[in-house]
Every structure is written in structure tokens, then in C-alpha cells.
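A closer look at the structure
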Amino acid sequence: MEKSLFNTNRLIDAYREKETLDGYTTILNLIEFPKAIEFNLRVMFPSKSDYHLALKISTELLKAGKPIPAVDSVIAAVVYNNKLKLVTKDKHFLFIKKVMKDFMVDVV
């Protein structure tokens, strides 16, 4: 079973519903929703290689006419480089699968 990284909107929903989560998030998601620190998830910090991949993702999505927010490109890169599965409500992450076939995302 893949390890999951939870995006901000999924963290907010879980917090409201008093759910328990096990997995990862990024520092970018914690900055957006600081209450998520209460989940005690492992926090990922983007590396230099994550930023390089995020630029590649952004460039490819722009060429395809499907740009997404810059922060989301960085989050996607962290997910991809660490062989995680992204759990999100944002459907625009599905565009990444068109440029990176093995990107793992679960849109809930």
C-alpha cells in the first residue's frame, strides 16, 4: 500500500470531521492550515530537486494549456520524488498524470 501525503483541503476536512490521518504532509500545507500540526503527520520540506521537478511540471502543464498554482507544482514534485500518493480534493492534480504517467493521486 502506498504512503499518502495529504493536501490542505483534505487536512481541513479531516480536522472538521475529527478524523485520524497517518502519513505525510508538506510544510507548505501546514503554512496554509496550521491546525494540521495536530495530526502529527510527518512533514516534508521541498528539496532542490523538488523545485527543479516543479519547474518541469509547470512548464509541461503550461505547454498543455493546463497550468496549476505554483505551490501545487511543488507539492506534486515532493509527492513524486518521494514515491508517495497525493490525497486531495483538487481535480487539477489529475492534469499532472497527463505529463507524468506514474504520478500517484487520489482525488476524493
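Up top is the structure.
As the structure is a prediction and not an experimental result, all values here were calculated from the model.

A look at the environment of Val 108
Structurally, Val 108 is set in the segment after strand E5 (104–107). Classification of Val 108 by relative accessible area gives exposed; the value is 52%. Distance from Val 108 to Asn 81, taken between C-alpha atoms, is 22 Å for residues 27 residues apart in sequence. Sequence-distant contacts of Val 108, defined by excluding residues within four places in its chain, comprise Arg 10, Val 87, Thr 88 and Lys 89.

Some thoughts on the packing of aromatic side chains
We describe a pair of aromatic rings using the distance from one ring centre to the other and the angle between the two ring planes. A complete count under the given rule lists 1 aromatic pair for this structure. On the numbers, 5.6 Å between centres and 80° between planes, the contact of Tyr 15 with Phe 33 is edge-to-face. With Tyr 15 in helix H1 (residues 8–16) and Phe 33 in the loop between helix H2 (27–32) and strand E3 (42–44), the pair connects residues that are 18 residues apart, well separated along the chain. Given a relative accessible area of 29%, Tyr 15 falls into the partly exposed group. Over the ring of Tyr 24 we find Arg 42, and its NZ or CZ is 4.8 Å from the ring centre.

Re the nonpolar core
Ranked by size, the top nonpolar core spans 22 residues in total, and within it Leu 5, Ile 57, Val 79, Leu 86, Phe 93, Ile 96 and Phe 103 carry the most contacts. Among the secondary structure elements, those contributing two or more residues to this core are helix H3 (48–63) and helix H4 (70–81). By residue number, the principal contributor to this core is H4, which donates 6 residues. Those residues in contact with Ile 57, other than ones at most four positions away along the chain, are Ser 73, Ala 76, Ala 77, Ile 96 and Met 100.

Considering H3
With 16 residues, H3 should reach 22 Å at 1.5 Å per residue; the first-to-last C-alpha distance of 23 Å fits that figure. Turning to H3, its buried residues are Asp 50, Leu 53, Ala 54, Ile 57 and Leu 61. Looking down the long axis of H3, one finds its buried residues gathered within 110° of arc, a one-sided arrangement. Relative to its buried face, H3 has exposed residues pointing more than 90 degrees away, namely Lys 48, His 52, Leu 55, Lys 56, Leu 62 and Lys 63. Looking at the packing, one finds that the buried side of H3 touches H4 and helix H5 (94–99). Just past H3, the residue Gly 65 takes up positive phi, approximately 75°.

Digging into the environment of Lys 35
Along the chain, the position of Lys 35 falls in the loop between H2 and E3. Once the C-alpha coordinates of Lys 35 and Ala 64 are considered, the two residues, 29 residues apart in sequence, prove to be 36 Å apart.

Digging into a positive patch on the surface
Taken together, the side chains of Lys 66, Lys 97, Lys 98 and Lys 101 define a basic patch exposed on the protein surface. Within the secondary structure, Lys 98 sits in helix H5.

Rules used throughout
- Residues numbered from 1 in each chain as written.
- Predicted model: local features only at pLDDT ≥ 70, side-chain atom pairs only at ≥ 80, totals over all residues.
- Heavy atoms only, no water.
- Helix = DSSP H or I, 4+ residues; strand = E, 2+ residues; numbered from the N terminus.
- Buried < 20%, exposed > 50% of the residue type's maximum accessible area, 1.4 Å probe, protein only.
- Contact = heavy atoms within 4.5 Å.
- Phe/Tyr/Trp six-rings, centres within 6.5 Å; stacked < 30°, edge-to-face > 60°.
- Lys NZ or Arg CZ within 6 Å of the ring centre and 35° of its normal.
- Core = buried A, V, L, I, M, F, W, Y, C linked by side-chain atoms within 4.5 Å.
- Expected span 1.5 Å × (residues − 1).
- Arc of directions from axis to C-beta.
- Patch = residues over 30% accessible without salt bridge, like charges linked within 9 Å, V, L, I, M, F, W, Y side chains within 5 Å.
- Areas by Shrake-Rupley, 256 points an atom, 1.4 Å probe, with all protein chains shown as cover.
- Salt bridge = Lys/Arg side-chain N within 4 Å of Asp/Glu carboxyl O.
- Lys, Arg positive; Asp, Glu negative; His and termini not counted.
- Charge placed at Lys NZ, Arg CZ, Asp CG, Glu CD.

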